[in-house]
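# Observations on the three-dimensional arrangement
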Amino acid sequence: MNGSRKALLLGLMMAAGAVGVPTVASAGVGIDIEIAPPPLRVETAPGPRVGYVWAPGYWEWRDRAHVWVPGRYIRERRGYHWVPDRWDPRGPRWHHERGHWER
C-alpha cells in the first residue's frame, strides 16, 4: 500500500471513530464496535469431508447489526489449521478477528 493510500485509510478511520461508527481496524482483518455480540449459536457440525475442514458459524457485524453466519466447509490447506472468527473485548469495545489459516 503506498503512502497516500495509507494516509487516506488512516484519515477515514479517524473520521469514522469521531462519529461513533464501527471502524476498520485494518483492512480485511477485523472491526471494533461498542455492541457485544449475542451468544454463539449451537451448531451440529456435519460429518467429516475429505479435503475440507469445518469453519463454525459466527456473528458478523453488518448494517449496524449482528448477523449470524452459519458454519460451512472450506477447502483444507495442508500444513495449516483454521482459526475461527471470534469477538474479543478490548476496553469498552468489541474487536472482530476474521477467521484465517495459521501454520
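Criteria and thresholds
- Residues numbered from 1 in each chain as written.
- Predicted model: local features only at pLDDT ≥ 70, side-chain atom pairs only at ≥ 80, totals over all residues.
- Heavy atoms only, no water.
- Phe/Tyr/Trp six-rings, centres within 6.5 Å; stacked < 30°, edge-to-face > 60°.
- Helix = DSSP H or I, 4+ residues; strand = E, 2+ residues; numbered from the N terminus.
- Buried < 20%, exposed > 50% of the residue type's maximum accessible area, 1.4 Å probe, protein only.
- Salt bridge = Lys/Arg side-chain N within 4 Å of Asp/Glu carboxyl O.
- Pairing = 2+ DSSP bridges.
- 1 Å grid on protein atoms, 1.4 Å probe; cavity = no way out; pocket = protein on both sides within 12 Å on 5 of 7 lines; lining within 4 Å.
- Points joined across faces, edges and corners; volume = space filled by probe spheres on them.
- Nonpolar A, V, L, I, M, F, W, Y, C, P; charged D, E, K, R; others polar.

### Structural notes on the packing of aromatic side chains
- Under the counting rule described, the total for this entry stands at 4 aromatic pairs.
- Consider the rings of Trp54 and Tyr73, whose centres lie 5.2 Å apart with planes at 80°: the pair is edge-to-face. Residue Trp54 is found in strand β3 (residues 52-55), and its partner Tyr73 is found in strand β6 (residues 72-75); the two are separated by 19 residues along the sequence.
- For Trp54, a relative accessible area of 26% puts it in the partly exposed group.
- Here Trp59 and Trp68 contribute two aromatic rings whose centre-to-centre distance is 5.1 Å and whose plane-to-plane angle is 70°, an arrangement assigned as edge-to-face. Summarising the burial analysis for this pair, Trp59 and Trp68 share the class buried.
- Aromatic ring contacts, followed pair by pair, group Tyr52, Trp54 and Tyr73 into a single cluster.

### What about the pattern of salt bridges?
- Evaluated as defined, the whole model comprises 5 salt bridges.
- Residue Arg86 pairs with Asp88 through a salt bridge whose shortest N-O separation is 2.9 Å.
- Salt bridges linked by common partners bring Glu60, Arg62, Asp85 and Arg98 together as one network.

### Details of the pairing of strand β4 (residues 58-62)
- Of all 5 residues in β4, 4 are buried; the element is thus mostly enclosed.
- For β4 and strand β5 (residues 65-69), the ladder comprises 5 bridges, and the chain directions are antiparallel. Paired with Glu60 across the two strands is Val67, which belongs to β5.
- Between β4 and β5, which pair antiparallel and follow one another directly, the connecting turn spans 2 residues, one of which, Asp63, has a positive phi of 55°.

### Here's the deal with the environment of Arg77
- Inspection of the secondary structure assignment puts Arg77 in the loop between β6 and β7 (81-83).
- A residue is classified by how much of its surface remains accessible, and Arg77, at 38% relative accessible area, is partly exposed.
- For the pair Arg77 and Gly51, spaced 26 residues apart in sequence, the C-alpha separation works out to 8.4 Å.

### Quick word on the layout of surface pockets
- Here the largest pocket is characterised by a volume of approximately 210 Å³.
- Lining the largest pocket are 15 residues; nearest its centre among them are Leu40, Gly57, Tyr58, Trp68 and Asp85.
- Breaking the lining of the largest pocket down by element, the ones donating at least two residues are β4 and β8 (86-90).
- Taken together, the residues of the lining of the largest pocket break down into 9 nonpolar, 2 polar and 4 charged.

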